[in-house]
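Below, each chain spelled out in residue letters.
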Amino acid sequence: MGNFEQPTSITIPAKPEYVGVARLVIAAFAGFLGFDNETVEDIKIAVSEACTSAILQLHKEGRPEDRSVEINAYAEDKRLVIDIGFATREATSIEKTRMHLKERDLGMSVLTSIMDKVEVVRTKDNGVILRLVKEIPG
Amino acid sequence: MDLRIESKEVEGIGVIALEGEVDVYTAPKLKSRLIDLVDEGKYDIIIDLQKVEFMDSSGLGVLVGGLKRVKSHQGSISLVVTQENILKIFRITGLVKVFPIFSSEEEAVSNIKGS
């Protein structure tokens with residue numbers, strides 16, 4: 001098995017019908033890293049929750065049809081890291097993202113139960129990344 | 001993957017059987033079917049999730065919304081779930097305490113009829 005340190009990426013339009021595509025791609029990647037089937041199913045749910053949050057936030061900001069969500073998955077220090085990133089139009093979006101995650105409390109409780117770490121990170125170009133981290137077994 | 005929804009009536013109870021995936025894309029379809037059932041006067045509803053392969057909080061949100069709707073008519077929503085991966089998401093969110101969960105449609109029907 002390779003080390004998979006380089007990111008595997010997929011960019012999806014900010015549309016609900018594409019969330020299923022993202023979770024399948026990332027689930028396949030997690031399978032290559034050695035996660036068992038049950039954990040791969042959990043990771044699918046986590047990716048779905050995070051992509052849904054991103055898409056709903058972009059819809060709230062308006063003109064979602066020309067927006068996109070970029071998902072990068074990679075292995076780092078024996079952990080799977082999944083970055084769900086999207087460009088925002090407002091400098092305060094990181095706070096809005098945190099608030100939005102709290103509002104979706106069912107989704108957030110699922111995310112935090114399944115993943116070892118969930119954080120919101122601002123990128124230098126005013127984007128936001130929802131970072132999901134899971135320890136790789138073995 | 002899409003979500004298929006089949007509806008039927010068993011002893012006056014509305015039964016919805018789902019097949020496929022319930023997420024942000026497909027959940028609105030389930031929401032609208034639940035609203036239709038309540039509008040038709042079905043306040044005790046069984047939702048069979050045995051053929052659901054994937055469900056996230058978008059699906060859970062619709063179920064909770066449906067429950068609020070039927071409760072305003074003194075109704076109920078019972079679930080049929082047998083797959084561990086689907087049961088797990090109900091456990092994580094504490095919804096196992098909110099929805100009665102059964103392992104067959106017959107069990108759910110007799111529980112409603114007995115109550």
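Residues numbered from 1 in each chain as written. Chains lettered and ligands numbered in written order. Predicted model: local features only at pLDDT ≥ 70, side-chain atom pairs only at ≥ 80, totals over all residues.

A short note on the overall build of chain B
And step 1. Within chain B, the regular secondary structure consists of 4 helices and 5 strands.
And step 2. Its helices and strands taken in sequence order, chain B reads β-β-α-β-α-β-α-β-α from the N to the C terminus.
And step 3. Its C-alpha atoms give chain B a radius of gyration of 13 Å, near enough to 13 Å, the size a compact globule of 115 residues would have.
And step 4. Its C-alpha atoms give chain B principal-axis dimensions of about 30 × 25 × 20 Å.
And step 5. Residue pairs in contact within chain B that sit at least 24 positions apart in sequence constitute 69% of those at least 6 positions apart. (Helix = DSSP H or I, 4+ residues; strand = E, 2+ residues; numbered from the N terminus. Rg over C-alpha atoms; globule rule 2.2 N^0.38 Å. Contact = placed C-beta atoms within 7 Å.)

Let's talk about the interface of chain B and chain A
And step 1. Taken residue by residue, the interface counts 15 residues in chain B and 17 residues in chain A.
And step 2. When residues of the side of chain B that touches chain A are traced back to their parent elements, those giving at least two are helix H2 (57-71) and helix H3 (84-92) of chain B.
And step 3. The dominant element in the side of chain B that touches chain A, judged by the number of residues it contributes, is H2(B), at 4 residues.

A word on the sheet that holds strand S5 (residues 127-135) of chain A
Through backbone hydrogen bonds, the strands of a sheet pair up, either in parallel or in antiparallel fashion.
Residues and elements named next belong to chain A.
And step 1. On the basis of which strands lie adjacent, the open sheet formed by 5 strands has the order S1-S2-S3-S5-S4 and antiparallel pairing. Two strands bound the open sheet, and with one partner strand each, they are strand S1 (8-13) and strand S4 (117-122). The mean angle between the axes of side-by-side strands here comes to 20 degrees, regardless of whether they run parallel or antiparallel. (Pairing = 2+ DSSP bridges. Axes fitted to C-alpha atoms, helices over the stretch in contact; angles between N-to-C directions.)

Details of helix H4 (residues 105-114) of chain B
Residue and element names in this part refer to chain B.
And step 1. Regarding H4, the residues found buried are Ala108, Val109 and Ile112. Axial view of H4: buried residues confined to an arc of 100 degrees, hence all on one face. Opposite the buried face of H4, at more than 90 degrees from it, the exposed residues are Glu106 and Gly114.
And step 2. Where the residues of H4 are buried, they touch strand S1 (3-10), strand S2 (13-22), strand S3 (44-55), strand S4 (76-80) and strand S5 (101-102). (Buried ≥ 20, exposed ≤ 12 C-beta atoms within 10 Å, placed from the backbone. Arc of directions from axis to C-beta.)

As for the confidence of the model for chain B
And step 1. Across chain B, pLDDT averages 96, with 98% of residues at or above 70.
And step 2. Under the prediction, the complex receives an ipTM of 0.92, its pTM being 0.92. (pLDDT = per-residue confidence, 0-100.)

Topic: the sheet that holds S4(B)
All names here are of chain B.
And step 1. Reading across from one edge, S1-S2-S3-S4-S5 is the order of the 5 strands in this open sheet, with mixed pairing throughout. If you trace the sheet from one side to the other, it starts and ends with S1 and S5, each paired once.
And step 2. For S2 and S3, the ladder comprises 8 bridges, and the chain directions are parallel. Following the sheet pairing, alanine 17 is matched in S3 by aspartate 48.
And step 3. Contacts from helix H1 (residues 27-39) reach S1, S2 and S3, with the element oriented near 20 degrees to S1.

A closer look at the nonpolar core
And step 1. Core analysis: the largest hydrophobic core is formed by 70 residues, its most contacted members being A:Ile26, A:Ala46, A:Ala50, A:Cys51, A:Ala54, A:Val69 and A:Ile84.
And step 2. For A:Ile26, the residues in contact, after removing those within four places along its chain, are A:Ile43, A:Val47, A:Ile71, A:Ala73 and A:Ile82. (Core = buried A, V, L, I, M, F, W, Y, C linked by C-beta atoms within 7 Å.)

A word on the pairing of S2(B)
Residue and element names in this part refer to chain B.
And step 1. S2 sits mainly inside the fold: 7 of its 10 residues count as buried.
And step 2. Two strands pair when backbone bridges link them, and S1 and S2 are joined in this way by 8 bridges, in the antiparallel orientation. Within S2, the position partnered with glutamate 9 by the bridge is glycine 14.
And step 3. Turn length for the S1-S2 hairpin, with the two strands adjacent in sequence and antiparallel, is 2 residues, and the turn residue glutamate 11 shows positive phi of about 50 degrees.
And step 4. A crossover links S2 with its parallel partner S3, the connecting element being H1, and its sense is right-handed. (Right-handed = clockwise from strand over helix to strand, strands pointing away.)

With respect to the packing of helix H4 (residues 105-114) of chain A against H2(B)
And step 1. Relative orientation of the contacting elements H4(A) and H2(B) amounts to 140 degrees, with a least axis distance of 9 Å. As far as their axial angle goes, H2(B) and H4(A) are oblique. Once H4(A) is placed against H2(B), the crossing between them reads as right-handed. Residue-level contacts link A:Leu106, A:Gly107 and A:Val110 of H4(A) to B:Ser57, B:Leu60 and B:Gly61 of H2(B).
And step 2. Looking at the contact of H4(A) with H2(B), its residues break down into 3 nonpolar, 3 polar and no charged. (Parallel < 35°, antiparallel > 145°, perpendicular 65-115°, else oblique. Left-handed = near helix turned anticlockwise from the far one by under 90°. Nonpolar A, V, L, I, M, F, W, Y, C, P; charged D, E, K, R; others polar.)

Description of the environment of B:Lys88
And step 1. Relative to the assigned elements, B:Lys88 resides in helix H3.
And step 2. Residue B:Lys88 is classed as partly exposed on the basis of its 18 C-beta neighbours within 10 Å.

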